[in-house]
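Chain residues, written in single-letter form:
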Amino acid sequence: MEKPILEVDNLRIRYGGASAEAVRGVSFTLGRERLGIVGESGSGKSTVGRALLRLLPGATITADKLRFGELDLLTLSEKEMLKVRGRRMSMILQDPKFSLNPIRRVGDQVAETYLRHFRCSKAEARDKALAMLEAVKIRDPERVYDQYPHEISGGMGQRVMIAMMLLADPDLVIADEPTSALDVTVRLQVLNILDGLVRDRGIGLIMISHDLNLVRNFCDRVLIMYAGRVVETLAARDLDRAEHPYTRGLLAAQPRIGGGRAPLAVLDRQLEWLEEKA
Amino acid sequence: MSVSVETRDVSITFGAGPAAVRVLPSVSFSVGPGECFGLVGESGSGKSTVLRCISMLTDIWTGDILIDGKPVREMPLIERCRTLQMVFQDPYGSLHPRQSVRTVLSEPLAIHRLGDREERMRKAITDVGLPVSFLDRFPHQLSGGQRQRVAIARALILEPSLLLLDEPTSALDVSVQAEILNLLQRLREERGFTYIMVTHDLAVVDHMCDRFAVMLHGEITEVLPREAIPANGATHPYARELIGASLEYESAH
């Protein structure tokens, strides 16, 4: 088996001042694959993603192992971390309306990634950014390059985000609810673009989402989180054969097109789901 | 106590002069008594604006909106509020953070000078499946699903006949969404409410609604029965695209 990109063993995160841990003993490894993390709000899925990039000031992160390629993420200094963020590991956030700088042209924001991490001229960075905007299927990239975030649509904004995050050719991309702010028709388009780029470039992808349909369609493997713990790991195609009652409950609670009109199954939360497995 | 709703040529323009934007050019549809009618379409297509026009939250529209044959514009405020109520999208934003559930529920009763307040509040909170002790809680002591239940209780307390639901579950998790949809379904069976529901999720439409309208740029492209979803029976290209995308999203493996 090829060397994994990311190895996480017994990751625990406690926010400053909180009495309980937000993430309790999460372990997984990631190769060049697409891993989905699903769970309800508050289950700690985004916290895991942020911890990998060390974007949790004030929180205590402990783990038996947190290796990214040859780097130990637990011991890196902030200065070294700056070389990792955006260059080798990057994150696509939920809503382009809030994650793009409203007073800078979108093209310049994309090019900034390249300028920051590589020695090059501004013209070179501009060319790279334009090529990348074209790769995320933005028609007329020259025009879009000079526009401001409020002038472009949500779907286009999210594609700009993807372009920005993939420009430095990272090894790992973390997508935190990349399409939940988008309409259904646009959502598929954006996901297909992301999927194509990730496959072509052999990038590892962690897709954080609450949407079971999304991870089913766009991931190879799925971790299901509940109250800070991974309760089940499954191949995405086996999602229907999930065994943990929580996963089964989530699947049953989802209304389906062409499904019956009987009342939807409601989760019957069990206390034992909270306990850590020995 | 079911009512019908009819909108004819409803049109609304925001702004004036050259900057004026015609958000709804001309919207007409009718909803039968006790029906659940869905409004779907991309963001900015005017779905929520239609609800705001029906509820008179926005009143600069032209055209006719009839509730049980009566023009909504001519209904006195008190009567209107007892006929229709609205549930908003985000339960984190639609409840006052410094008002307890009791305050939230008693205010409409005070305005409408209704007696038996305690009794009515207890009934409303039990109807939405929350214990009576929750009356003394504040929004920050409630989960998202519980907040949305309180928002529904607030809408129910004046015993309206028409509920306008603006994406009632899109801010909630699937597991919580199921609880709220079941609740809405049960209330409709028990009370014969008429629902007009804005949503972007066709699976929810299929689960809840009898008919739905697909909106694009403020216009209703097509009104379809729920049975048209699984086989994509739409004829308008945009409606076909929307249903097609939803089907693909749900079933592609």
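Structural notes, computed from the coordinates. (Residues numbered from 1 in each chain as written. Chains lettered and ligands numbered in written order. Predicted model: local features only at pLDDT ≥ 70, side-chain atom pairs only at ≥ 80, totals over all residues.)

Examining the overall build of chain B
Part 1: A tally of helices and strands in chain B yields 8 helices and 10 strands.
Part 2: A compact globule built from 253 residues should have a C-alpha radius of gyration of about 18 Å, and chain B, at 18 Å, falls within 12% of that.
Part 3: For the C-alpha atoms alone, the extent of chain B along its principal axes is close to 50 × 50 × 35 Å.
Part 4: Counting every position in chain B, which comprises 253 residues, the buried fraction comes to 46%.
Part 5: A fraction of 67% describes how many contacts in chain B between residues 6 or more apart in sequence connect residues 24 or more apart. (Helix = DSSP H or I, 4+ residues; strand = E, 2+ residues; numbered from the N terminus. Rg over C-alpha atoms; globule rule 2.2 N^0.38 Å. Buried ≥ 20, exposed ≤ 12 C-beta atoms within 10 Å, placed from the backbone. Contact = placed C-beta atoms within 7 Å.)

Quick notes on unusual backbone geometry
Negative phi characterises most residues that are not glycine, and trans characterises most peptide bonds.
Part 1: You will see that Ala227(A), though not glycine, has its phi angle at about 50°, which is positive.
Part 2: By the element assignment, Ala227(A) lies in the loop between strand S10 (221-226) and strand S11 (229-235).
Part 3: Look at Ala227(A) and you get partly exposed, because 19 C-beta atoms sit within 10 Å.
Part 4: Non-glycine residue Glu167(B) carries a positive phi angle of around 45°.
Part 5: Looking at the secondary structure, you find Glu167(B) in the loop between strand S7 (162-166) and helix H6 (174-191).
Part 6: Residue classification places Glu167(B) among the buried positions, given that 21 C-beta atoms sit within 10 Å.

Section: helix H5 (residues 144-156) of chain B
Part 1: When the terminal C-alpha atoms of H5(B) are compared, their 18 Å separation across 13 residues agrees well with the 18 Å that a helix rising 1.5 Å per residue should span.
Part 2: In terms of burial, H5(B) is largely enclosed, as 13 of its 13 residues are buried. (Expected span 1.5 Å × (residues − 1).)

Here's the deal with the environment of Arg188(B)
Residue and element names in this part refer to chain B.
Part 1: Mapped onto the secondary structure, Arg188 falls in helix H6.
Part 2: Sequence spacing of Arg188 and Glu35 is 153 residues, and the spatial spacing of their C-alpha atoms is 9.0 Å.
Part 3: Sequence-distant contacts of Arg188, that is, excluding residues within four places in its chain, are made with Cys36, Phe193 and Tyr195.

Remarks on the interface of chain A and chain B
Part 1: Taken residue by residue, the interface counts 27 residues in chain A and 28 residues in chain B.
Part 2: For the side of chain A that touches chain B, the secondary structure elements donating two or more residues are helix H8 (184-201), helix H9 (212-218) and helix H10 (245-253) of chain A.
Part 3: The element that contributes the greatest number of residues to the side of chain A that touches chain B is H8(A), accounting for 4 residues.

Regarding the pairing of strand S3 (residues 36-41) of chain B
Residues and elements named next belong to chain B.
Part 1: Burial analysis of S3 places 6 of its 6 residues in the buried class, which makes it a mostly covered element.
Part 2: Every second residue of S3 is oriented toward a common face, with Cys36, Gly38 and Val40 on one face and Phe37, Leu39 and Gly41 on the other, all of them buried.
Part 3: As judged from the 4 bridges shared by S3 and strand S8 (residues 194-198), these two strands associate in the parallel manner. Each residue of the ladder has a partner; that of Gly38, found in S8, is Met197.
Part 4: Both S3 and strand S9 (residues 211-216) contribute to a ladder of 5 bridges, which runs parallel. Counterpart to Phe37 in the pairing with S9 is Arg211. (Pairing = 2+ DSSP bridges.)

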